[in-house]
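If you want the building blocks of each chain, they are given just below.
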Amino acid sequence: MVAKTHQPVFDVQHAIEWIDGKRVLLSINASPLISASGDFDGMVASIEDVTEKVMAENALRTSEQQLKSYIDNAGDAIYILEQSTGQIRNCNKRACQDLGYSMDELLRLSAIDIEVTLPSAEIDSLHSELKPGDVRTIEGTHKRKDGTIFPVEIRLSSLAPVNKQLMVAMVRDITERKLAEEALRDSELKYRTLFETANDAIFLMDHDVFIDCNPKTLEVFGCTPEQIIGQPPYRFSPDVQPDGRNSKEKALEKINAAFTGQPQFFEWQHSRYDGTLFNAEVNLNTLSIAGKVCLVAIVRDITERKRAEEALMSKNIVFNTSIAANSTADINGIITDANESFLSIWDYPTKNEVIGKPIMHFLKNKEEAFAIITALNTYGKWQGEFTALRKDGSIFIAYSMATDLKDSNGKTIGYQSSVIDITERKRVEGSLRESEVRLRRITDNMLDLISQVDVEGIISYVSPSHTMILGYSQSELIGKLMMNFVHPDDLGLVGAAADHIIKGTQHNTIKFRFQHADGHYVWLESNGNPL
């Protein structure tokens, strides 16, 4: 080419293969040699192996292209800012998308124009204090073109030594994270509230040691936080459980099973801090807190329930001979058996007229029947009063204790109940209340002094006439020791009379002195009777 054109060539690249098979890229520079007559006499050429240089340049271009592609398609907004002013010099597509500006619009703004939380002085300080190699992470709030705002996390770093005047800001929209954090806080508050106000004892355990508990735990176990935190559960158990097993051994077995992912639900005999025993239902499950697996235990005091169950069990033993109306029903609420007392109270001559009928057939109020069955299905037991309906249509007030029946696998197969007719008791209670009201009206209007004193000598009632005669209001006497008002010289007489009343032996009317509210003593004549 040089020989033809008599012109020099520069950096003409040509690939050749060496004798050893290695391919290389050569860069050729050549200049022609021209004689005085203008003829081509030859040329001067320099040849350089530029294989590695070209490969490095290609790799650099590829890297730059990849970096540009990464920046353009990054999930975070990326800004190049002037370090001294915060002026935006460049940004990626995500920055435009997040803020709703075009590229040209953004390049006319500075950091202060889009950040609304951080004061401008603080922004300037961040820019000026940023040193080469520093990375600063802060949270702020950015404002979009439409005026809406959103929380962001900003990572600032200097571009030095490439360019000391510039810095890069990587900005991430953390709206979802903030919402998640808020939801977590709400959730934590909700569960803390449940923890603190639950009606069951709830405590956390690190293996077999209590590390936290709710207020109900302190109430149930009768202790302070210092007395239970740091203790194992078998500290609050008798040495041996009702089944004969060692409490510590059995407790560790349940705890280890729960830690292997097997939730535990069982009955347990606990003891309060003072040693008092009580029956409980215990539920054990694992819970991860800050990456640490703990055990959460829910303990319910079932002492009263156990007493009721034992009472019902006793009734079942004497099902057929009980004076109470006992019956059983299947899972659908159909009567399957009834004792003689049931037939007598409901006035049915034979079992055949009872068996096969639904429970609600024997109640006047169908809503009451539905509520009883619902309670049995939900809680496995029910007790209370209801209005019963006899065969002839007459009604009576009934009191019942009912429970579900389970098979050997714990599956509910029916119900049993024990009923008594409390109509007469209700009538007597009503009459007694009316009688008490009448008696109280009489005593309240008598001029004589009427009082009631317990066996300890404490005044529990005084008639209004005490105010008129002795000058005391009723509240000034009730709850006080009567002997405190008796003249010292009459204490023996009054004490002896009280002993006779308590023992039920005959005694005479006595006269003694009772201190008036103003301090002087009033002579009284008294006659008492035991209640």
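Residues numbered from 1 in each chain as written. Predicted model: local features only at pLDDT ≥ 70, side-chain atom pairs only at ≥ 80, totals over all residues. Heavy atoms only, no water.

## Let's talk about helix H13 (residues 366–379)
With 14 residues, H13 ought to run about 20 Å at 1.5 Å a step, and its terminal C-alpha atoms sit 20 Å apart, in line with that. For H13, the elements touching its buried residues are strand E16 (381–389), strand E17 (395–406) and strand E18 (412–421). N-cap assignment for H13: the residue whose side-chain oxygen lies 2.8 Å from the backbone N of glutamate 367 is asparagine 365. Phi for glycine 380, located one or two positions after H13, is positive at around 85 degrees. (Helix = DSSP H or I, 4+ residues; strand = E, 2+ residues; numbered from the N terminus. Expected span 1.5 Å × (residues − 1). Contact = heavy atoms within 4.5 Å. Polar contact = N/O pair within 3.5 Å; in protein donor to acceptor, adjacent residues only side chain to side chain.)

## Describing empty space enclosed by the protein
One pass over the full model with this rule turns up four cavities of 30 Å³ or more. Roughly 220 Å³ of volume is contained in the largest cavity. Lining the largest cavity are 19 residues, and of these Ser327, Ile359, Ser400, Ser417 and Val419 lie nearest its centre. For the lining of the largest cavity, the elements supplying multiple residues, two or more each, are strand E14 (325–330), helix H12 (340–346), H13, E16, E17 and E18. Of the residues forming the lining of the largest cavity, the biggest block, four residues, is contributed by E18. Per-class residue counts for the lining of the largest cavity are 14 nonpolar, five polar and no charged. (1 Å grid on protein atoms, 1.4 Å probe; cavity = no way out; pocket = protein on both sides within 12 Å on 5 of 7 lines; lining within 4 Å. Points joined across faces, edges and corners; volume = space filled by probe spheres on them. Nonpolar A, V, L, I, M, F, W, Y, C, P; charged D, E, K, R; others polar.)

## Notes on the pattern of salt bridges
Where charged atoms of side chains with opposite charge meet at close range, the side chains can pair. Across all of its chains, the model carries 28 salt bridges by this definition. Among the ionic pairs, arginine 177 bridges to glutamate 181, the shortest N-O distance being 3.6 Å. Pair noted here: arginine 177 and glutamate 181 are both in helix H7 (residues 175–197), with a separation of four residues, about one helical turn. Classification of glutamate 181 as partly exposed rests on a relative accessible area of 29%. Close ionic contact of aspartate 337 with lysine 351 constitutes a salt bridge, the shortest N to O distance being 3.1 Å. Within this pair, whereas aspartate 337 is found in strand E15 (residues 335–338), its partner lysine 351 is found in the loop between H12 and H13, the two being separated by 14 residues in sequence. Judged by relative accessible area, which is 24%, aspartate 337 ranks as partly exposed. Classification of lysine 351 by relative accessible area gives partly exposed; the value is 28%. Shared partners join several salt bridges into a network, and the residues in it are Glu139, Glu153, Arg177, Lys178 and Glu181. (Salt bridge = Lys/Arg side-chain N within 4 Å of Asp/Glu carboxyl O. Buried < 20%, exposed > 50% of the residue type's maximum accessible area, 1.4 Å probe, protein only.)

## Observations concerning the environment of glutamine 7
Within the fold, glutamine 7 resides in the loop between helix H1 (2–5) and strand E1 (9–17). Look at glutamine 7 and you get partly exposed, because its relative accessible area is 48%. C-alpha of glutamine 7 to C-alpha of alanine 30: the two residues are 23 residues apart in sequence and 8.7 Å apart in space.

## A closer look at unusual backbone geometry
Most peptide bonds take the trans configuration, and most residues that are not glycine carry a negative phi. Phi at histidine 207 is positive, roughly 55 degrees, even though this residue is not glycine. Positionally, histidine 207 belongs in the loop between strand E9 (201–206) and strand E10 (209–213). On the accessibility criterion, histidine 207 (34% relative accessible area) is partly exposed. Positioned with a positive phi, aspartate 347 is a non-glycine residue whose angle comes to about 65 degrees. Structurally, aspartate 347 can be placed in the loop between H12 and H13. Overall, the relative accessible area of 41% leaves aspartate 347 in the partly exposed class.

## Describing a negative patch on the surface
A cluster of acidic residues, Asp11, Glu48, Asp49 and Glu52, forms a negative patch on the protein surface. Note on placement: aspartate 11 falls in strand E1. (Patch = residues over 30% accessible without salt bridge, like charges linked within 9 Å, V, L, I, M, F, W, Y side chains within 5 Å. Areas by Shrake-Rupley, 256 points an atom, 1.4 Å probe, with all protein chains shown as cover. Lys, Arg positive; Asp, Glu negative; His and termini not counted. Charge placed at Lys NZ, Arg CZ, Asp CG, Glu CD.)

## A look at the side chain of lysine 216
Mapped onto the secondary structure, lysine 216 falls in helix H8 (residues 215–221). The exposure class assigned to lysine 216 is buried, which follows from its relative accessible area of 16%. With sequence-adjacent residues up to four places away left out, lysine 216 is seen in contact with Ala198, Asn199, Asp200 and Ala201.

## Examining the layout of surface pockets
Estimated volume of the largest pocket: approximately 1400 Å³. What lines the largest pocket is a set of 41 residues, among which Ser451, Gln452, Val453, Gly528 and Asn529 lie closest to the centre. Mapped by element, the contributors of at least two residues to the lining of the largest pocket are helix H14 (423–444), strand E19 (451–453), strand E20 (459–462), helix H15 (465–470), helix H17 (491–503), strand E21 (510–515) and strand E22 (521–526). For the lining of the largest pocket, the leading source of residues is H17, giving five residues. Classifying every residue of the lining of the largest pocket by side-chain character gives 23 nonpolar, 12 polar and six charged.

## As for the environment of glycine 261
Relative to the helices and strands, glycine 261 is located in the loop between helix H10 (247–259) and strand E11 (264–271). On the basis of relative accessible area, glycine 261 is assigned to the exposed category, the value being 52%. In the structure, glycine 261 is positioned 244 residues away from glutamate 17 in sequence and 69 Å away in space, judged by C-alpha atoms.

## Notes on the sheet that holds E16
Strand order in the open sheet formed by five strands is E15-E14-E18-E17-E16, with antiparallel pairing between adjacent strands. What marks the edges here is a single partner per strand, and that holds for E15 and E16. Each neighbouring strand pair of the sheet contributes to a mean axis angle of 25 degrees, computed without reference to strand direction. Strand direction decides the pairing type here: E14 and E18, joined by six bridges, are antiparallel. Residue pairing in the sheet places threonine 328 in a bridge with glutamine 416 of E18. The strands touched by H13 are E16, E17 and E18; relative to E16, the strand with the most contacts, the crossing angle is about 165 degrees. (Pairing = 2+ DSSP bridges. Axes fitted to C-alpha atoms, helices over the stretch in contact; angles between N-to-C directions.)

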